[in-house]
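# Structure at a glance
The chain contents come next:
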Amino acid sequence: MSLVLDLLIYAVAWTHVLLSPYTKVEESFNLHAIHDLLLFGGRPDALQKFDHKVFPGAIPRSFVGSIIVAWLSNYIARLANDLSLINSKFDLQIVTLCLLRRAVARRFGRLTSLLFTLITVSQVQVPFWMGRTLPNMLALPFVNIALCLLLDRGSRAGRTSITCASWAVALLTFAAVVIRMEIAGLLGLFAIQLLSDGTLSITRLVKVGIVSGLVSIGLTVSIDSYFWGQWPLWPEFSSIYFNVYEGKSAEWGVSPFWTYFSTFLPRLLMVTLVFIPFGFARNARIRSLVQPAIGFVFLMSFLGHKEWRFVVYVVPILNIAAAHGAQSFIRQRKGSLLGLLAFLVVVGALALNTTATVLFTRASMANYPGGHALARLNERYKKTPHVHVHIANLAAQSGASLFLHTHAPPYRSRLGILPPFAAAARPWIYNKTENLTPADIAYNSPFTHVIAENRDALPPGRWQVVDVIDGFRGLRVRTDVLRLVSEKGLEGLWRVLEVEKDNKLWIFERRGE
């Protein structure tokens, strides 16, 4: 049973990746860093070819998380290549919650572990983003492992052992210092709790915090200074200075104080949110987990710019509470009407979550037009000896990542990444130069193909539209429910909410002159 639940978590996450395999711009730094590390390596002479040198962002980001993923992916990719499972760069992209689920089973029982799994996989955000390269998702495994350690019973009447608590503090410190500084808020609240319940002494906490903090700072400064060519560089300090001290994050929008509680947490947790108060009320250990989580969200609410990913770390914690609360429903008197109704409430909540997740997945599949456009271009002209394509900004931001530059170097035969036959003699050029005018592209450029955001971007005399890429526009509620059901049966119910699309990108080919 334990293995089945582990496989279910991974199967759902992989299904999201396979159905929506492309990435958005906020994921691009880590994704392209992993690409460059895998295919260029980390030698000094290779650094100038890295994407962050060609297209630097507003603030530097740490390479440490990308190095860890690239190192792990390198061994997986070699094994997959030996088994003939990798044939192109893009296949590499398809390359902890289970540890947390097992910790929940040990601490709260198998039924809570089962419900934790079902709640997690029925939700949208965490399973969808588990396979993505957001910095927040690279930090989440460290938070999850820290939670596993904090759930350890140890030998002191159910308390967390001193060793496990110390390692949890060290992991949260590392995640905050190196990957995402906002985790420091969660670390601080858990530290206060460990002090108040006597798990750690102030001396032990300070010692662990100073040692792990200095080691983490030394690691990120040494590695990131090398990759960015600046000394000394601490990316997360630069991020906090830029976004919080200088207030630049407000340029991306400011939300009301209660937005996390009124919008983002309900979106992350969905219907199973209703079970959290029951778990909170019934178990002191649940309260010890939920209180720092809610406190962290409250602290984050003081920042004007808000995004769901800034508080995603609390989702596993709150799912544990929801699972324990749902368990209390299921364990109502069996055979009674109340027990049956309670069971149906849990099943209904999971069903509503799953239905919403299916709809979200359908929408997300249509929300990466850039990835679809570049994949179609690669397939359509795979036998063409040379293509020089300009990639518009929308395409670059919606899935046209370096992993889709399949007809251009670098290649690594050890990973099974070989040039396509047509590109072997003369590789393609994928060009993402910004701020080019239509005239620059149409008349004064070497481009043979263009992925554009506008059908009228190029003159029809010189350029021909060869493909149009649709993308997500919105959701529409169908009013003709009875007709849908009569024509399609139960399948018609799935079409009541319809994903609407419209034209997003156009692929142009230069006509012969």
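Residues numbered from 1 in each chain as written. Predicted model: local features only at pLDDT ≥ 70, side-chain atom pairs only at ≥ 80, totals over all residues. Heavy atoms only, no water.

## Here we look at the overall build of the protein chain
A tally of regular secondary structure across the protein chain gives 23 helices and five strands. The buried share of the protein chain, reckoned over its 513 residues, is 51%. Of the roughly 24,000 Å² that the protein chain leaves accessible, carbon and sulfur atoms contribute 63%. (Helix = DSSP H or I, 4+ residues; strand = E, 2+ residues; numbered from the N terminus. Buried < 20%, exposed > 50% of the residue type's maximum accessible area, 1.4 Å probe, protein only. Areas by Shrake-Rupley, 256 points an atom, 1.4 Å probe, with all protein chains shown as cover.)

## Observations regarding the pattern of salt bridges
Summed over all chains, the structure comprises eight salt bridges. For the salt bridge of R180 with E182, the shortest nitrogen-to-oxygen distance reads 3.0 Å. Taking relative accessible area as the criterion, E182 reaches 12% and is therefore assigned buried. Its salt-bridge partner being R309, residue E307 comes within 2.7 Å of it at the nearest N-O pair. Assessed through its relative accessible area of 23%, E307 is described here as partly exposed. On the accessibility criterion, R309 (14% relative accessible area) is buried. (Salt bridge = Lys/Arg side-chain N within 4 Å of Asp/Glu carboxyl O.)

## Re unusual backbone geometry
With an omega dihedral of -10 degrees, the bond running from W231 to P232 counts as a cis peptide bond. Of note in this structure, M270 is not a glycine but carries a positive phi near 60 degrees. Looking at the secondary structure, you find M270 in the loop between α14 (259–269) and α15 (276–282). Taking the relative accessible area as the measure of exposure, M270 reaches 14% and is therefore buried.

## Quick notes on helix α19 (residues 369–380)
Taking 1.5 Å as the rise per residue, α19 with twelve residues should run 16 Å; its terminal C-alpha atoms sit 16 Å apart, in good agreement. Of all the positions in α19, only P369, G370, G371, A373, L374, L377 and N378 are classed as buried. (Expected span 1.5 Å × (residues − 1).)

## Notes on helix α13 (residues 235–245)
Within α13, burial applies to P235, E236, S239, F242 and N243. Down the axis of α13, the buried set is contained in an arc of 130 degrees. They therefore lie on one face. Looking at the buried residues of α13, the elements they touch are α10 (162–179) and α12 (202–228). Taken from the residues just after α13, G247 is the one with a positive phi, measuring 70 degrees. (Arc of directions from axis to C-beta. Contact = heavy atoms within 4.5 Å.)

## Considering the UniProt feature "transmembrane region" (unreviewed entry) in the protein chain
According to UniProt, the positions carrying the feature "transmembrane region" (unreviewed entry) are residues 58–77, 111–130, 167–192, 204–228, 257–276, 288–304, 310–330 and 337–360. Along residues 111–130, the helical share is 85% and the strand share 0%, with 24 Å between the first and last C-alpha atoms. End C-alpha atoms of residues 310–330 are separated by 33 Å, and the span's content is 76% helix alongside 0% strand. (UniProt positions renumbered as here; feature names shortened; annotations may be inferred.)

## Considerations on the packing of aromatic side chains
Taken as a whole, this structure holds 24 aromatic pairs when the rule is applied. Ring centres 5.1 Å apart and planes at 80 degrees place the aromatic pair Y226 and F227 in the edge-to-face group. With relative accessibility at 34%, the residue Y226 sits in the partly exposed group. Judged by its relative accessible area of 6%, F227 falls in the buried class. Plain terms: the ring middles of F257 and W258 are 5.0 Å apart, the flat faces sit at 85 degrees to each other, and that makes the pair edge-to-face. Three or more aromatic residues joined by ring pairs form one cluster here, namely F29, F40, F50, F63, Y226, F227 and W228. (Phe/Tyr/Trp six-rings, centres within 6.5 Å; stacked < 30°, edge-to-face > 60°.)

## So, the side chain of N283
Inspection of the secondary structure puts N283 in the loop between α15 and α16 (284–300). Given the relative accessible area of 19%, N283 is considered buried. In terms of polar contacts, N283 uses its side chain to reach the backbone amide nitrogen of I286, at 3.2 Å. Apart from residues no more than four positions distant in its own chain, N283 is found in contact with F108 and H324. (Polar contact = N/O pair within 3.5 Å; in protein donor to acceptor, adjacent residues only side chain to side chain.)

## Let's talk about the environment of N454
With respect to the helices and strands, the residue N454 is situated in the loop between β3 (449–452) and β4 (463–477). Judged by relative accessible area, N454 falls into the partly exposed class, the value being 42%. N454 sits 62 residues away from A392 along the chain, and the two C-alpha atoms are 9.7 Å apart. Among all residues touching N454, those that are not within four sequence positions of it are W506 and F508. A polar contact is formed between the side chain of N454 and the backbone nitrogen of D456, at a distance of 2.8 Å.

## Observations regarding the pairing of β3
Side-chain alternation along β3 places H449 and I451 on one buried face and V450 and A452 on a second face that is also buried. With three bridges connecting them, strand β1 (residues 388–391) and β3 associate as parallel partners. Note on β3: the bridge partner recorded for H390 is V450. (Pairing = 2+ DSSP bridges.)

## Side note on the confidence of the model for the protein chain
Detailed reading of predicted coordinates is not advised where the pLDDT is low. Looking at the protein chain as a whole, its pLDDT mean stands at 82, while 84% of the residues score no less than 70. The weakest mean pLDDT in the protein chain belongs to helix α5 (residues 89–93) at 50; the strongest belongs to helix α11 (residues 183–196) at 94. (pLDDT = per-residue confidence, 0-100.)

## A look at the pairing of β1
Burial along β1 is two-sided: H388 and H390 facing one way and V389 and I391 facing the other are all buried. Bridging between β1 and strand β2 (residues 429–431) involves three bridges; their strand directions are parallel. Looking across to β2, one finds that V389 is bridged to Y430.

## Focus on the environment of Q291
Secondary-structure assignment places Q291 in helix α16. Along the backbone, Q291 and L189 are 102 residues apart, and their C-alpha atoms lie at a distance of 8.6 Å. Q291 has contacts with Q193 and F280, leaving out every residue within four places of it along the chain.

## Considerations on the packing of α16 against helix α17 (residues 315–330)
For any two helices packed against each other, one specifies the crossing angle of their axes together with the interaxial distance. The geometry of α16 relative to α17 is characterised by a closest axis approach of 9 Å and an angle of 140 degrees between their N-to-C directions. In terms of their interaxial angle, α16 and α17 are classed as oblique. Crossing angle aside, the handedness with which α16 passes α17 is left-handed. Where α16 abuts α17, its residues I286, L289, V290, A293 and I294 lie against I317, L318, I320, A321 and H324. In the contact of α16 with α17, the residues fall into nine nonpolar, one polar and no charged. (Axes fitted to C-alpha atoms, helices over the stretch in contact; angles between N-to-C directions. Parallel < 35°, antiparallel > 145°, perpendicular 65-115°, else oblique. Left-handed = near helix turned anticlockwise from the far one by under 90°. Nonpolar A, V, L, I, M, F, W, Y, C, P; charged D, E, K, R; others polar.)

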